[in-house]
Amino acid sequence: MKKFMNRAETLVAESLAGFVAAHERLVAFGAERKFVRRRTLRRGKVALISGGGAGHEPMHVGFVGKGMLDAACTGHVFTSPTPDQIIAAIRETDGGEGCLLIVKNYDGDVMNFEMAAELAAAEHRIATVVVRDDVNPSGSKRSQGRRGVAGTLVVEKLLGAAAEAGWRLEELSALGDDLNARIRTMGVALGGVTVPDTERETFVLDEDEMEMGVGIHGEPGRARVNFATADQIVETMLEAILSDLAPDGGDKLLLFINGFGGTPVSELYLAYNAARARFARLGVTVARSLVGTYVTSLDMAGLSITVARLDERELSLWDAPVDTAALRWRS
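Here the structure is a predicted model, which means the values were calculated and not measured.

Calculation criteria
Residues numbered from 1 in each chain as written. Predicted model: local features only at pLDDT ≥ 70, side-chain atom pairs only at ≥ 80, totals over all residues. Heavy atoms only, no water. Helix = DSSP H or I, 4+ residues; strand = E, 2+ residues; numbered from the N terminus. Rg over C-alpha atoms; globule rule 2.2 N^0.38 Å. Contact = heavy atoms within 4.5 Å. Areas by Shrake-Rupley, 256 points an atom, 1.4 Å probe, with all protein chains shown as cover. Lys, Arg positive; Asp, Glu negative; His and termini not counted. Charge placed at Lys NZ, Arg CZ, Asp CG, Glu CD. Phe/Tyr/Trp six-rings, centres within 6.5 Å; stacked < 30°, edge-to-face > 60°. Buried < 20%, exposed > 50% of the residue type's maximum accessible area, 1.4 Å probe, protein only. 1 Å grid on protein atoms, 1.4 Å probe; cavity = no way out; pocket = protein on both sides within 12 Å on 5 of 7 lines; lining within 4 Å. Points joined across faces, edges and corners; volume = space filled by probe spheres on them. Pairing = 2+ DSSP bridges. Axes fitted to C-alpha atoms, helices over the stretch in contact; angles between N-to-C directions. Polar contact = N/O pair within 3.5 Å; in protein donor to acceptor, adjacent residues only side chain to side chain. Core = buried A, V, L, I, M, F, W, Y, C linked by side-chain atoms within 4.5 Å. Parallel < 35°, antiparallel > 145°, perpendicular 65-115°, else oblique. Left-handed = near helix turned anticlockwise from the far one by under 90°. Salt bridge = Lys/Arg side-chain N within 4 Å of Asp/Glu carboxyl O.

A. The overall build of the chain, seen in detail. Within the chain, the secondary structure is distributed over eight helices and 17 strands. In terms of C-alpha radius of gyration, the chain reaches 19 Å, essentially the compact-globule figure of 20 Å for 331 residues. Overall, the chain is about 55 × 50 × 35 Å in size when its C-alpha atoms are taken along their principal axes. In the chain, the share of contacts with a sequence separation of at least 24, taken over all contacts with a separation of at least 6, comes to 73%. With an accessible surface of roughly 13,700 Å², the chain has 49% of that area assigned to carbon and sulfur atoms. The distance from the centre of the 37 positive side-chain charges to the centre of the 45 negative ones in the chain is 5 Å.

Written out as structure tokens, the structure reads:
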């Protein structure tokens, strides 16, 4: 294993220190460096807090800033943040309108965020949205039901814009829950990842194999299948996604091609081109697009496709200004 690090046990802390220093206009450490928060907190709006294990960068710290998250709590690689990290973030970011916790559906994340919410409920108004966008409903060793994967970015962007616009806690929670039924993601990997602590690959594939239906923790997918052309891979993934979403000609879709950390951008755009061609044949409108490496599984060679059915109000929320380290645009 060759990685740019000093020791596995200090990798996350040193990486976060570098992130905060590089983006000091946007972010700062919270109390005792337990979390990363917006440098300038805004009172009078609902605070959005998310987080998870390291290894998914730029998610979640890269989405802290105006128009998205107020704070992100980071655990060790593929390990949930602890309840005390989350409670510290709640206390520091609550500007009087409560806190919305955005949680990926993995058992450790759900358990620790729930515990933090219960412990902080006496002093803070808290609601929780659990993201479940994976097409695979059977879950894995890490989750019950659909996992929360790259669609989490879509939820954080839309809710972040709504919070910036003054939506109340209950309204944000309702929108988050509603979005769960209209966002689906599927991932594919050409190889496993090497976790710094173990120095072992999470799974090994033969040259003519790929892992279909992977999550974002280096875990195997739902099927090991023969390697194929990019068009065939995208076709298989979209078939699973669209059979779940069932869009029609009147729907407006967000198409998000996400790299897992080890896939060149040129290949991501090639996959996007294949996906757009499929939608054109179906007569379905792709109203918004995003292509890039945003929700990773360390250095996994692979990608995911996320499709979201959005209405006009939600498209406006997507278009709203955002200013974070990883996602930035003006309306």
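Once the structure has been displayed, the description carries forward.
B. Quick peek at the packing of aromatic side chains. Going through the model one piece at a time under the given rule, you end up with two aromatic pairs. Seen in terms of ring centroids, W318 and W329 are 5.4 Å apart; in terms of plane orientation they differ by 50 degrees. Their pairing is tilted. Placement of the pair is W318 in helix α8 (residues 312-319) and W329 in strand β17 (residues 328-329), with a sequence separation of eleven residues.

C. Main features of helix α2 (residues 83-93). When you tally the buried positions in α2, you get eight out of eleven residues, the bulk of the element. Buried within α2 are the following residues: P83, Q85, I86, I87, A88, A89, I90 and T93. Buried-residue contacts for α2 involve β2 (36-38), β3 (47-54), β5 (71-77), β6 (99-104), α3 (107-120) and β7 (126-131).

D. Highlighting the layout of surface pockets. When its volume is computed, the largest pocket comes out at roughly 330 Å³. Lining of the largest pocket is provided by 17 residues; of these, L11, S15, G55, E57 and L298 occupy positions nearest its centre. Going through the elements one at a time, α1 (11-22) and β5 are the ones with two or more residues in the lining of the largest pocket. The leading source of residues in the lining of the largest pocket is α1, at five residues.

E. The arrangement of the sheet that holds β17 in detail. Strand order in the open sheet formed by three strands is β4-β16-β17, and the pairing between neighbours is antiparallel. On the outer flanks of this sheet lie β4 (65-66) and β17, each paired with one strand and no other.

F. Up close: the sheet that holds β5. Read across the sheet, six strands follow the order β1-β2-β5-β3-β6-β7 without closing on themselves; strand pairing throughout is mixed. Of all the strands in the sheet, the pair left with one neighbour each is β1 (27-29) and β7. For this sheet, the mean angle separating the axes of adjacent strands, direction not counted, is 25 degrees. Its contacts with the sheet place α2 against β2, β3, β5, β6 and β7, and it is angled at close to 165 degrees to β5.

G. Main features of empty space enclosed by the protein. In total, this model carries one cavity of 30 Å³ or more according to the counting rule given. Looking at the largest cavity, its volume works out to about 30 Å³. What lines the largest cavity is simply D134, V149, A150, T185, M186, G187, V214, I216, F260 and S304. Take the lining of the largest cavity: its biggest share by element is three residues, from strand β8 (residues 183-189).

H. Region of the structure containing the side chain of N105. Tracing the backbone shows N105 in the loop between β6 and α3. Polar side-chain contacts of N105 include one of 2.6 Å to the backbone oxygen of R146.

I. Representation of the nonpolar core in the model. Counting 65 residues, the largest nonpolar core has L48, L100, L153, L159 and L172 as its most contacted members. Looking at this core, the element that brings in the most residues is helix α4 (residues 151-164), giving eight residues. Filtering out sequence-adjacent residues up to four positions away, L159 remains in contact with L48, L100, I102, V129, L172, L175 and G176. Membership of the second largest hydrophobic core comes to 29 residues, among which are L242, A271, V291 and I305.

J. Structural view of the packing of helix α6 (residues 230-245) against helix α7 (residues 265-282). It is at 9 Å that the axes of α6 and α7 come closest, and there the two elements cross at 55 degrees. What the angle tells us is that α6 and α7 run oblique. Considering how the two elements wind past one another, α6 and α7 form a crossing that is right-handed. Across the interface between the two elements, A230, D231, V234, E235, L238, E239 and L242 from α6 touch L270, A271, A274, A275, R278, F279, R281 and L282 from α7.

K. Spotlight on the pattern of salt bridges. Throughout the structure, instances matching the rule amount to 26 salt bridges. Note that D299 and K3 form a salt bridge whose closest N and O atoms lie 3.6 Å from each other. Taken together, the positions of D299 in the loop between β14 (285-292) and β15 (302-310) and K3 in the segment before α1 put the pair 296 residues apart, joining distant regions of the chain. For R224, the salt bridge is made with E211, and the minimal N-O distance between the two is 2.7 Å. Within this pair, whereas R224 is found in strand β12 (residues 223-226), its partner E211 is found in strand β11 (residues 209-212), the two being separated by 13 residues in sequence.

L. Quick look at the environment of G62. Take G62: it is sitting in the loop between β3 and β4. Under the relative-accessibility criterion, G62 is labelled buried at 0%. Among residues more than four places away in sequence, those in contact with G62 are F19, T324, A325, A326 and L327.

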